[in-house]
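A structural walkthrough
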Amino acid sequence: MKMRCQIYTTIFLLSFMLLLTMPACAPNPPVPTSTPTPVVTTPTTPTSVPYPLRLTSQEEEWNKVIEAAKTEGSVNMYAGSDMGGPTRPAIINNFKEKYGINVSILVGRGQDAVQRVKVERQIKKPVADIVSIGVTSVHDFLEADLGDPTAELLPELVISKDKFYFNPIYDDKGIAVAVSDFLFSPMINTNLVKPGEEPQSWLDLLNPKWKGKILIDDPSRGGSATSTFHALQYYKIVDESYFRKLLELQPGIWGGSSQESTNMVARGEYAINFTVSIALSTPALLEGAPLRFLDMKEGLISNTGSHLVLVKDRRHPNAARLLANWLAGAEGQRTISSTRGSKPIRRDVEDFTPEKARLKVSKVFIRDLAAMKTMNTYQEMAERLFAKR
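Residues numbered from 1 in each chain as written. Predicted model: local features only at pLDDT ≥ 70, side-chain atom pairs only at ≥ 80, totals over all residues. Heavy atoms only, no water.

**Details of the pairing of strand β3 (residues 130-133)**
Residues Ile130 and Ser132 point to one face of β3 and Val131 and Ile133 to the other, with burial holding for every one of them. Inspection of the sheet shows strand β1 (residues 74-79) paired to β3 by three bridges, in the parallel sense. Bridge pairing in β3 places Met77 opposite Ile130. Where β3 and strand β12 (residues 307-311) come together, four bridges link them in antiparallel fashion. Counted as the bridge partner of Ile130 is Leu310 from β12. (Buried < 20%, exposed > 50% of the residue type's maximum accessible area, 1.4 Å probe, protein only. Helix = DSSP H or I, 4+ residues; strand = E, 2+ residues; numbered from the N terminus. Pairing = 2+ DSSP bridges.)

**Concerning the packing of aromatic side chains**
Taken as a whole and judged by the stated rule, the model has 10 aromatic pairs. On the basis of an interplanar angle of 80° and a centroid distance of 4.8 Å, the ring pair of Tyr234 and Tyr235 is categorised as edge-to-face. What makes Tyr235 buried here is its relative accessible area of 4%. When the ring of Tyr242 is compared with that of Phe243, the centres are 5.2 Å apart and the planes differ by 85°; the resulting orientation is edge-to-face. On the basis of relative accessibility, which here comes to 0%, the residue Phe243 falls in the buried class. An aromatic cluster of three or more residues is present, and its members are Trp202, Phe229, Tyr242, Phe243, Phe274 and Phe386. It is Lys343 that lies over the ring of Tyr165; its NZ or CZ is 4.6 Å from the centre. If you follow Arg346 out to its NZ or CZ, it ends over the ring of Phe164, 5.2 Å from the centre. (Phe/Tyr/Trp six-rings, centres within 6.5 Å; stacked < 30°, edge-to-face > 60°. Lys NZ or Arg CZ within 6 Å of the ring centre and 35° of its normal.)

**As for the confidence of the model for the protein chain**
Note: predicted coordinates in regions of low pLDDT should not be interpreted at a detailed level. Per-residue pLDDT for the protein chain has a mean of 84; in total, 85% of the residues score no lower than 70. Across the protein chain, the secondary-structure element scoring lowest on mean pLDDT is helix α1 (residues 2-21), at 41, and the one scoring highest is β1, at 98. Predicted confidence for residues 1-55 stays below pLDDT 50, and this span has 109 contacts to residues more than four positions away or in other chains. (pLDDT = per-residue confidence, 0-100. Contact = heavy atoms within 4.5 Å.)

**Topic: the layout of surface pockets**
By volume, the second largest pocket is sized at about 280 Å³. Lining the second largest pocket are His139, Leu142, Glu143, Asp145, Tyr170, Asp171, Asp172, Lys173, Ile175, Leu369, Met372 and Lys373. Elements supplying a minimum of two residues to the lining of the second largest pocket: α5 (135-143) and α13 (369-372). No other element matches α5, which puts three residues into the lining of the second largest pocket. (1 Å grid on protein atoms, 1.4 Å probe; cavity = no way out; pocket = protein on both sides within 12 Å on 5 of 7 lines; lining within 4 Å. Points joined across faces, edges and corners; volume = space filled by probe spheres on them.)

This is the structure:
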């Protein structure tokens with residue numbers, strides 16, 4: 001127990017020191033026994049919950065929040081890799097230019113952010129004010145009761161309610177608010193996969209000719225592969241035996257960032273990436289990488305992407321609230337989408353998805369709240385199959 005505490009303390013200190021050294025202006029529910037009714041729709045209309053009734057948009061009150069945020073002067077965010085790359089400095093610079101408030105963003109895997117916040121609460125030394133994490137990590141964050149209701153504190157959700165493609169409030173308590181959505185797709189290196197040989201079905205990826213040529217992000221660690229691993233089984237497209245057969249083909253199993261797994265396929269280290277976020281892989285495509293996204297005849301997987309949650313006992317409550325509201329607003333959405341080359345979640349912001357990255361999709365399965373309630377069982381399965389490899 002003593003050693004475990006020392007480990008937790010060490011993890012915290014490392015994360016705390018890293019934030020301090022950042023430049024201030026720099027940046028087990030049972031498995032379903034019957035097939036769930038597929039939430040089949042376009043990537044921008046996921047199932048969501050009703051707006052809470054306590055949302056407020058009084059201008060005078062909000063001006064007080066802005067002034068208090070400026071007095072606090074800074075805000076610390078832990079974020080998943082989707083807030084990395086050019087998105088990170090753009091958020092930092094644009095938010096400071098508008099409000100004069102410094103933003104520190106520590107980018108890593110969403111599960112790492114969850115663990116950091118858990119440690120900070122255990123030792124009662126909070127660092128993070130707000131997190132921006134994917135749907136799997138949000139599920140874990142909510143289960144650990146690490147966040148405060150966020151939606152009711154954001155007037156943008158009232159002012160611009162009709163401008164969102166979908167209700168961005170993820171859970172029935174309004175703790176998590178989505179600011180992006182993701183579509184996941186297999187991706188090939190067009191120099192290594194000949195025309196006419198592209199997989200057209202998820203089952204095609206089990207062809208022995210792809211032995212040693214497929215890369216998959218470790219689905220036990222969160223990210224795009226976790227979303228696909230879960231949803232493909234939840235919607236009964238494949239089952240556990242499918243992934244056992246996939247592992248027999250000796251795929252590369254990657255535990256780092258999603259962007260780097262894209263780069264590995266772009267460099268020709270692998271011919272196929274089992275699944276990637278189209279939004280996060282688009283920058284490599286625009287740089288001329290020989291990449292192509294694939295539709296699958298059974299359908300692709302989508303879920304809300306980055307979710308904002310205000311951390312309990314945060315040190316900069318007003319600055320965190322202001323940042324969350326800005327990210328949900330038109331300026332924040334333009335900042336995120338323009339730097340990713342992706343479609344925003346608001347109708348009043350242009351779609352920045354480049355033509356070569358657009359994919360006609362016949363069917364999409366959404367990982368909604370009902371699906372996420374089954375996540376624990378599938379997470380245990382992913383750990384059993386992948387974690388020790």
